[in-house]
Amino acid sequence: MNTKPMLQVRDLHFRYDPEQPTYAVNGVSMEVHRGEFVAVLGANGCGKSTLAKHLNAILLPETGTVLVEGMDTREEDHLYDIRQKVGMVFQNPDNQIVATIVEEDVAFALENLGVPTPEIRTRIDEAMKMAGIYDKKDKAPYKLSGGQKQRVAIAGVIAMRPDCLVLDEATAMLDPRGRAQVMQTIRTLRAAGISIVSITHYMEEAAQADRVLVMNQGKIVMEGTPEEVFSQTERLKSYHLDVPQAAELRDQLVAAGLPMPENVITPEACAEALFQLLQGSPA
Amino acid sequence: MLRDITIGQHFPGNSILHRCDPRLKIVMTIAYIVVLFVASNPLGILLSLALLALLYSLAKIPYRLILKSLKPIVPIVIFTAVLNLFFMGGEGEPLFHWWLLSIYAEGIRYAILMSVRVIALIAGTSLLTYTTSPIVLTDAIESLLRPLEKVHFPVHELAMMMTIALRFIPTLIEETEKIMNAQKARGAKLDNGKFTERIHALIPILIPLFISAFRRADELAMAMECRCYHGGQGRTRLKVLRFTRQDGLCALAMAAMLAVIVATRFL
């Protein structure tokens, strides 16, 4: 990562009510590089959604700065440039879809940006193919499943050709199948070079990220690769977070006196470690 | 049960009427309504009915759908017919006389003409919604009202509101069903009791529905902002309405037929 970071947050403070002493985001600094997948974890009310809303100028910082490719989110002249560069997808797909036909909804952002009609067509086709909903383009959104609706919402955002996609608990309301569909779409987007910031509750999703941030009471309290973060099971539990089952199992095995390697967080890695252990031990 | 409600009752198809420019269809529907009232002679009404039958067969819309769309207006038709029947004064001897009521030949003529006219009116306007999807209809209305922007009439906002309303009808219906089931599970009696009791029973359904609708509106506004929505200024459209040569021919044909119907008045 030799280039300048795509998103830069410096000492961000924000509170919803300036009369109250508690800050929703209390001094956060972070960076997101081009093409990176960053997961933000944290218990309810830790300020992670508030942080996300600062990334495309939905909320503006009280103190501190948020820079999107060098543009300050407080500069109103750049507002639409910033929103076009940083797309945002929310939790409930039903509340993000504007139009009554899938392709019209995907075109909504481009219509707002004043993109000429022939170009809208090519860009929405591209976005719908990337999100895997091209075959549903003439359908009414309410006839689709949750996962499909959320992918319509994602397509509507990536039609703007953003450099970064912020997912604010975008999989929280979906069933496991819908979640898998959305994760597949995220992988496609990463392959296309789009940075992803995913605010999530699901450890399995965070485990696929390049970098994990853990927030607690408006601050970033842990940062590192998924392996580094998830192997600290005790600390995660103190922030009211779940621990991946594989990491939990590894900890209990270590506690029982079995030699297990560090950084075991996925079921596959855990199975491999156990296999090695069983092979190595005398029958 | 709530799911059966359809607004607009679009009947998808690919006939010449379905493909026609929606703006033309709206204008022609209005013209047809005007003609129905201008051509108040039996021949004119008969010809307008014939025109309607021709258009319905062109659109390949099954006749039972017409009956379905006419069902709710049966009381209105009967009401107007009865009013015309008894209150239309005529010359000469009444055909029937009893107490204050009397029926003249003129009354019967008028009653029949009036009911046929109302039926043609409803069937004609239904044809518009049958052959045009609500979203296309909204686009057409936006396009037709565009000149009003000069007098600062919020045309784009109106169209946007209509689109969002159409989009949220199924969502809110689903939500209402969910809330009704949730309240039933808590022992609410929704389907029986006296009229006032039933009205009372609606309160625990409407309040959560409203609260959730406001929350949805809030989130939708944020999602729209995230997609750079800033009103109608400088907006382009994915689908641009085009008035084709075929539309021009349709317009000419319709205008000619309507003119013939109006001409019957002067015979």
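The rules behind each value
Residues numbered from 1 in each chain as written. Chains lettered and ligands numbered in written order. Predicted model: local features only at pLDDT ≥ 70, side-chain atom pairs only at ≥ 80, totals over all residues. Heavy atoms only, no water. Core = buried A, V, L, I, M, F, W, Y, C linked by side-chain atoms within 4.5 Å. Buried < 20%, exposed > 50% of the residue type's maximum accessible area, 1.4 Å probe, protein only. Helix = DSSP H or I, 4+ residues; strand = E, 2+ residues; numbered from the N terminus. Pairing = 2+ DSSP bridges. Salt bridge = Lys/Arg side-chain N within 4 Å of Asp/Glu carboxyl O.

### Re the nonpolar core
Among the nonpolar cores identified, the biggest contains 53 residues, and A:Val106, A:Leu165, A:Val214 and A:Phe230 are the most heavily contacted of them. Top contributing element to this core by residue count: helix α5 (residues 146–158) of chain A, with 6 residues. Of all hydrophobic cores here, the second largest spans 33 residues; its members include A:Leu59, A:Phe90, A:Ile199 and B:Ala223.

### Description of the sheet that holds strand β4 (residues 63–68) of chain A
Residue and element names in this part refer to chain A. What the 4 strands build is an open sheet, ordered β2-β1-β4-β5; its pairing is antiparallel. A single partner strand is all that each edge strand has here, and the edge strands are β2 (25–32) and β5 (71–72). As judged from the 5 bridges shared by strand β1 (residues 7–14) and β4, these two strands associate in the antiparallel manner. Directly across from His 13, in β4, lies its bridge partner Thr 63.

### Examining unusual backbone geometry
Residue and element names in this part refer to chain A. Of note, the phi angle at Arg 161 is positive, near 55 degrees, even though the residue is not glycine. Mapping Arg 161 onto the fold places it in the loop between α5 and β7 (164–168). Positive phi values are uncommon outside glycine, yet His 240 reaches one of about 60 degrees. Structurally, His 240 is set in the loop between α9 (233–238) and α10 (245–255).

### Details of the pattern of salt bridges
It is possible for side chains bearing opposite charge to pair when their charged atoms get close. Residue and element names in this part refer to chain A. Under the defined criterion, the tally for this structure stands at 28 salt bridges over all chains. As a salt-bridge pair, Glu 62 and Arg 15 come within 3.1 Å of each other at their nearest N and O atoms. A residue pair is termed long-range when its members are at least 10 positions apart, and Glu 62 in the loop between α1 (48–54) and β4 and Arg 15 in the loop between β1 and β2 qualify at 47 residues. One salt bridge connects Arg 34 with Glu 69, and the closest N-O pair in it is separated by 2.8 Å.

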